[in-house]
Amino acid sequence: MKKKISAGILRLNKQVFKLFGKHISKNQIRFLAAGHLDILESERSGIGFEDRTSGRQFIDAFSSAGCFNVGRMNGEVIKALDDPDISDMGNYMVLSRNKIEFAKKLAAVSPGDLNRVVLTGSGADSIECALKLALGATGRKSIVSMVNAYHGHSGFSLSAGGKDYYKQLFLPLKPGFIYVPFGDLDAMRKAVSRDTAAIILEPVQGEGGIHVGSDDYLRGLRSLCDELGIMLIFDEIQTGFGRTGRLFYSEYSGVVPDIMTLAKSISGGVYPNGAVVYRDIDILNGFVDAHPGFHDSFGGGSEIGCIVSSKVIDYLVDNVVWENAGRMGDKFRKGLDRLMEKNPKIIREIRGKGLMLGVEYLHEFMGVLMADNLAKEGVFAAYSGNAPQVMRFMIPITAVERDIDSILLKIEHAVKGMRFYLALMLPLARVMIFRNILNNVNVLIAVNNFLRKLHLA
Amino acid sequence: MNTSINKNIGEWESLLRDAASVFSKGLIERIKSEGLAMLEKGGHGSVLVDSTGKEYIDCFTSAGSFNLGRGRADLLRVLRESARQTDQGNFIAISEEKAMLAQRLASFMPPALECALFTVVRGEAMDAACKLARGFTGRSEIITVDGGWYGHTGFSLGMSDCCERDLFGQGIPKITAVPFGDVDAARRALTKNTAAFVLETVQAENGCRYAEEEYYASLRRLCDEAGAILIVDESQTGFGRTGYRFSFDCFKFIPDIAVLGEAITGGMFPMTAIAFTGRLKSFFDEHPLIHLCTFGGHDVGCRVAVSAIDLYVAERPWENARRMGGLLFERLDGISTRYPGMVCGIEGKGLLFSITMKDEVNARRFCVEAGGSGFVCARGRVNGSSVVLRPVLTISEDDVRMIAEAVENTLKTMNKG
Ligand SMILES: Cc1ncc(COP(=O)(O)O)c(C=O)c1O
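Residues numbered from 1 in each chain as written. Chains lettered and ligands numbered in written order. Predicted model: local features only at pLDDT ≥ 70, side-chain atom pairs only at ≥ 80, totals over all residues. Heavy atoms only, no water.

Trainee: Give me the lowdown on the overall build of chain A, citing residues and values where you can.
Mentor: Assigned secondary structure in chain A consists of 18 helices and 17 strands. Relative to the 2.2 N^0.38 estimate, which gives 23 Å for 457 residues, the radius of gyration of chain A is 22 Å and therefore close to what a compact globule would have. In chain A, which comprises 457 residues, the proportion classed as buried is 67%. Residue pairs at least 24 apart in sequence account for 73% of intrachain contacts in chain A once pairs closer than 6 positions are excluded. Just so you have it, chain A exposes about 15400 Å², and 54% of that area is on carbon and sulfur atoms. Charge-centre separation for chain A: the mean point of 55 positive side chains lies 9 Å from the mean point of 49 negative side chains. (Helix = DSSP H or I, 4+ residues; strand = E, 2+ residues; numbered from the N terminus. Rg over C-alpha atoms; globule rule 2.2 N^0.38 Å. Buried < 20%, exposed > 50% of the residue type's maximum accessible area, 1.4 Å probe, protein only. Contact = heavy atoms within 4.5 Å. Areas by Shrake-Rupley, 256 points an atom, 1.4 Å probe, with all protein chains shown as cover. Lys, Arg positive; Asp, Glu negative; His and termini not counted. Charge placed at Lys NZ, Arg CZ, Asp CG, Glu CD.)

Trainee: Give a description of the environment of V16 of chain A that names residues and reports values.
Mentor: Residue placement: V16 of chain A occurs in helix α1 (residues 7–23). Expressed as a C-alpha distance, the spacing of V16 of chain A and G213 of chain A, which sit 197 residues apart in the sequence, is 41 Å. In contact with V16 of chain A, not counting residues within four places along its chain, are L40 and R52 of chain A together with I94, S95, E96, A99 and M100 of chain B.

Trainee: Before we move on, could you go through the site of the ligand and cite the residues and values that matter?
Mentor: Near the ligand lie 13 residues; those nearest to it are G123, A124, D235 and Q238 of chain A together with T294 of chain B. Per-site note: the chains with residues close to the ligand are chains A and B. A distance of 2.8 Å is found between an oxygen atom of the ligand and a backbone nitrogen or oxygen belonging to G123 of chain A. Q238 of chain A is positioned with one of its side-chain polar atoms (N or O) 2.7 Å from an oxygen atom of the ligand. In this structure the site holding the ligand corresponds to the largest cavity. (Near = heavy atom within 4 Å. Polar contact = N/O pair within 3.5 Å; in protein donor to acceptor, adjacent residues only side chain to side chain. 1 Å grid on protein atoms, 1.4 Å probe; cavity = no way out; pocket = protein on both sides within 12 Å on 5 of 7 lines; lining within 4 Å. Sits in = over half its atoms within 2 Å of the grid points.)

Trainee: Could you give an account of the interface of chain A and chain B, naming the residues involved and the relevant values?
Mentor: At the interface, 113 residues of chain A touch 108 residues of chain B. A combined buried area of about 9300 Å² lies between chain A and chain B, and 62% of that area is made up of carbon and sulfur atoms. Close ionic contact of D88 of chain A with R70 of chain B constitutes a salt bridge, the shortest N to O distance being 2.6 Å. Broken down by element, the side of chain A that touches chain B gets its largest block of residues, eight residues, from α1 of chain A. Broken down by class, the residue content of the side of chain A that touches chain B amounts to 57 nonpolar, 29 polar and 27 charged. (Buried area = accessible area lost by both parts, 1.4 Å probe. Salt bridge = Lys/Arg side-chain N within 4 Å of Asp/Glu carboxyl O. Nonpolar A, V, L, I, M, F, W, Y, C, P; charged D, E, K, R; others polar.)

Trainee: Can you lay out helix α13 (residues 317–338) of chain B for me, pointing to particular residues and giving the numbers?
Mentor: Residues and elements named next belong to chain B. The first and last C-alpha atoms of α13 sit 31 Å apart over 22 residues, in line with the 32 Å expected at 1.5 Å per residue. All of the buried residues along α13 are P317, W318, N320, A321, M324, G325, L328, L332, I335 and S336. Residues of α13 that are buried sit in contact with α5 (96–108), α12 (299–315), β13 (343–349), β14 (352–357), β17 (386–389) and α15 (397–416). (Expected span 1.5 Å × (residues − 1).)

Trainee: So what's going on with the packing of α1 of chain A against α5 of chain B? Residues and values would help.
Mentor: Where α1 of chain A contacts α5 of chain B, the two axes come as close as 8 Å, and the packing angle between them is 55°. Compared by their axis directions, α1 of chain A and α5 of chain B come out oblique. Considering how the two elements wind past one another, α1 of chain A and α5 of chain B form a crossing that is left-handed. Where α1 of chain A abuts α5 of chain B, its residues L12, V16, L19, F20 and H23 of chain A lie against E96, K98, A99, M100, A102, Q103 and A106 of chain B. Residue composition of the contact of α1 of chain A with α5 of chain B, by class: eight nonpolar, two polar and two charged. (Axes fitted to C-alpha atoms, helices over the stretch in contact; angles between N-to-C directions. Parallel < 35°, antiparallel > 145°, perpendicular 65-115°, else oblique. Left-handed = near helix turned anticlockwise from the far one by under 90°.)

Trainee: How would you sum up the packing of α5 of chain B against α12 of chain B? Please name residues and give values.
Mentor: Residue and element names in this part refer to chain B. One way to put it is that α5 packs onto α12 with a least axis distance of 9 Å and a crossing angle of 25°. On the basis of the axis angle, α5 is roughly parallel to α12. With respect to the hand of their crossing, α5 and α12 are arranged in left-handed fashion. Here E97, K98, M100, L101, R104, L105 and F108 of α5 lie close against α12, whose contacting residues are D299, C302, R303, A305, V306, I309, D310, Y312 and V313. Across the contact of α5 with α12, the residue classes break down as 10 nonpolar, no polar and six charged.

Trainee: Please set out the pairing of strand β1 (residues 40–44) of chain B residue by residue, giving values where relevant.
Mentor: All names here are of chain B. For β1 and strand β2 (residues 47–50), the ladder comprises four bridges, and the chain directions are antiparallel. Pairing of E40 across the sheet is with D50, part of β2. Following β1, the chain reverses through two residues before pairing antiparallel with β2; G45 in that reversal takes a positive phi of roughly 60°. (Pairing = 2+ DSSP bridges.)

Trainee: Tell me about the packing of aromatic side chains, residues and numbers included.
Mentor: In total, this model carries 35 aromatic pairs over all chains according to the counting rule given. Ring-pair connections join several aromatic residues into one group, and the members of that group are F108, F180, Y210, Y215, Y216, F239, F246, F248, F251, F253, Y312 and W318 of chain B. Geometry around F156 of chain A places K174 of chain A over its ring, the cationic atom sitting 5.2 Å from the centre. In this arrangement the basic side chain of R322 of chain B is found over the ring face of Y244 of chain B, its NZ or CZ atom lying 4.3 Å from the centre. (Phe/Tyr/Trp six-rings, centres within 6.5 Å; stacked < 30°, edge-to-face > 60°. Lys NZ or Arg CZ within 6 Å of the ring centre and 35° of its normal.)

Trainee: Please provide a residue-by-residue account of the sheet that holds strand β15 (residues 379–380) of chain A, values included.
Mentor: All names here are of chain A. The sheet built from four strands is open, its strands ordered β1-β2-β3-β15 with mixed pairing. Each having just a single partner strand, β1 (41–45) and β15 make up the two edges of the open sheet. Direction of pairing for β1 relative to strand β2 (residues 48–51): antiparallel, over a ladder of three bridges. Paired with S45 across the two strands is G48, which belongs to β2.

Trainee: Outline the pattern of salt bridges, supporting the account with residue identities and numerical values.
Mentor: All names here are of chain A. For the coordinates displayed, the defined rule picks out 56 salt bridges over all chains. In this structure, R189 and D186 form a salt bridge, with 2.9 Å as the shortest nitrogen-oxygen distance. Residue R189 and its partner D186 are both found in helix α9 (residues 185–191); the two are separated by three residues, about one turn of the helix. R222 is the partner of D258 in a salt bridge, and the nearest nitrogen-oxygen pair spans 3.0 Å. In this pair, D258 sits in the loop between α11 (250–253) and β11 (259–262) while R222 sits in helix α10 (residues 215–228), placing the two residues 36 residues apart along the sequence. Accessibility classification places D258 together with R222 in one group, the buried group.

Trainee: Lay out the sheet that holds β13 of chain B in plain terms, naming residues and giving numbers.
Mentor: All names here are of chain B. Spatially, four strands are ordered β13-β14-β17-β16 in an open sheet, and the strand pairing comes out antiparallel. Across the chains shown, the open sheet's two edge strands, defined by having one partner strand only, are β13 and β16 (378–379). As judged from the four bridges shared by β14 and β17, these two strands associate in the antiparallel manner. Its bridge partner lying in β17, I355 is registered against V387. With respect to the sheet, α13 is in contact with β13, β14 and β17, its orientation differing from that of β13 by roughly 175°.

Trainee: Give a detailed account of unusual backbone geometry, specifying residues and quantitative values.
Mentor: Residue and element names in this part refer to chain A. Note that the residue after L171, namely P172, is joined by a cis bond; omega there is 0°. Here P172 shows up in the loop between α8 (164–167) and β6 (177–180). In the Ramachandran plot, H36 falls in the positive-phi region, its phi being about 60° despite a non-glycine side chain. Among the structural elements, H36 can be located in the loop between α2 (26–34) and β1. On the basis of relative accessible area, H36 is assigned to the buried category, the value being 13%.

Structure, rendered in structure tokens:
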């Protein structure tokens, strides 16, 4: 399992950290190190990679927040790059056969009358496009988003975000956004009016801590939107392309949003791309016909991106990968539920759908410790900086039964490993003031980096 | 022969119908009226090849992405090989590719701009620059100039001087524009509440307007005095386009943040970036992972970019751009004086040109007729009466001659019609 690493590679690794610290961010290394996420990935394939420092094999339980739906370094997708006609990205604005073919393919697999496509370059780019489409088409001013929503970091996508943590240093952002609690239809009813251009949500909140939108909730939103002429935007950037056990999460409820945003996994992890798909309805078509250049993405929908993304869709469809995600997700979920029953002092709740699973720990400080313990077992799992008590498990959805057995075993070991720390910390955590200190991210990072050093020494 | 033409036309029309139904009718009307009604198959050297095999001199180059020439086999090889060795990686993670590109870019930029953040589309890069300025200074006001164009995302759109900006309700607040080239206006606008002053040195989408060297030197000084961050958008002007590595080299000043476009990969990979000072980087040390971007710093893209920068260093395309730009400018200038009724003027730096036509109708007609004369180009987004010419930077004297002739032929045809 564990490979011997040459002195040359180890020297190179040191150099990488040094350069990263010098030119990008030193504290990012410290932050990642606290959760044992300061790992250099090599030999990426299937559901994981090898740690270039320890030589240990890792399961990738983060998947760049849901990008690797065809597995890591999928040979068939990579082969698409061998297309002899490829010369470069091509000119944005100029059409090509590959761009049209990709858009048609995407429209064909999208639910309901989601038949129209705008090509984009990233998740944030898709969100910008979707918000502008809704605002432009309705001529209305306000948008309702969700508390804890995550839509990206560009100007408007950040404005739509429901976490102050990401926004507070950059204010003021675009006005007109209202944030309501996820899943609360009554709150939504009170928030919307005939001045609402759009309701935007991730039908399963990802970064916010894996909150699953129920069928009733999504249907409720749909009828509210129909009643008031509001555009319903589903951000399926994480949930899309099979992650939740359907090709798109909206298929569970049968709710067709007016606008759907996509990115991440459409790239196959190989070449960036994104898209917005919208319904073939007059209000949206009219706007786009009048303003066809309302969102020209220069790097998005490139020639190469479209060739790769077409292949990704083919692969997902040919292998019905979402069904696998559903089956493996059920198995994974059952295992986690059993683990929770056995460890009520550590795990509070398991949430999710398909292979988009979240484990909520009892205390915030546990996220960092678990990340560390999981890394020791060979599982790369990220806690989020501003909700460290929730850990996302989003392994590549091409995983097979054996992989699920293996990751469950590793998680079980990691939970066992927690007991050592908990003997120390749980008594402290009972006292409010200590709990606050422990749950402070900066304290956590310092403490855990210290513990890691002790452990190494 | 005839049947194959008919077959091509048949296929073209059926694809166009498909495109109209999957994109929009408006888009098809737009590409037709803008002279871009073709299916691009690819490109090599200085030309774009359409699906029928017809070649055009590419004077659009995806708004200045293909500075090293179209269809670079060496970069394509790097892309293919890299994709077999690695993938995008986890975006939060440290990687050799990110570190190496950051170092390579630092060695390519002026020493002061030694730090970097990698992004995907140009607008995102500019948005990140504005956020960095706000975050670092703790101030909110952003000053820009009239006539600029930066992209389609929140901050970028808010600073861009185009009608599309007003379609989406109120944008990001605290953005104001002052007249370009006006030092006094800049002085009045820059206060202790100013986070950033943002501009392009050469306004590619606005008739390639630029100012005197002193203007940029004054801005540099005024920003320093006010404690504001000077942001320059080099997404069109960078990587040799103006006859210098970066346009700020041409105008002899150094910004705090430079926004870089897809030319960073030679147009082989959707990557953009911001390069900034070590002083500004302290913000990302204090707030790690505060600006996230899934495909930013894509490991495959980083490798492509490192190779592209190697090529820039080896080939120094800015030298050719300066020489060929000089030749082309002379020819175009001569031509424009022969068509005083249609052409109002020529402006440009290096291989970034703008022909300002009498009005938008004529600019559109120019772009449509250009195809018949064997080249493609696009109108300016801010000044719709302008036509931008930005060929690859590796063109030869023959290419210069051909472009000049094609421009003249286009004007001749318009004169007849
Ligand atoms: C639901 C959702 N929306 C939008 C985004 C932003 O995507 P990108 O990072 O490509 O800009 C993300 C990325 O994590 C996401 O998870």
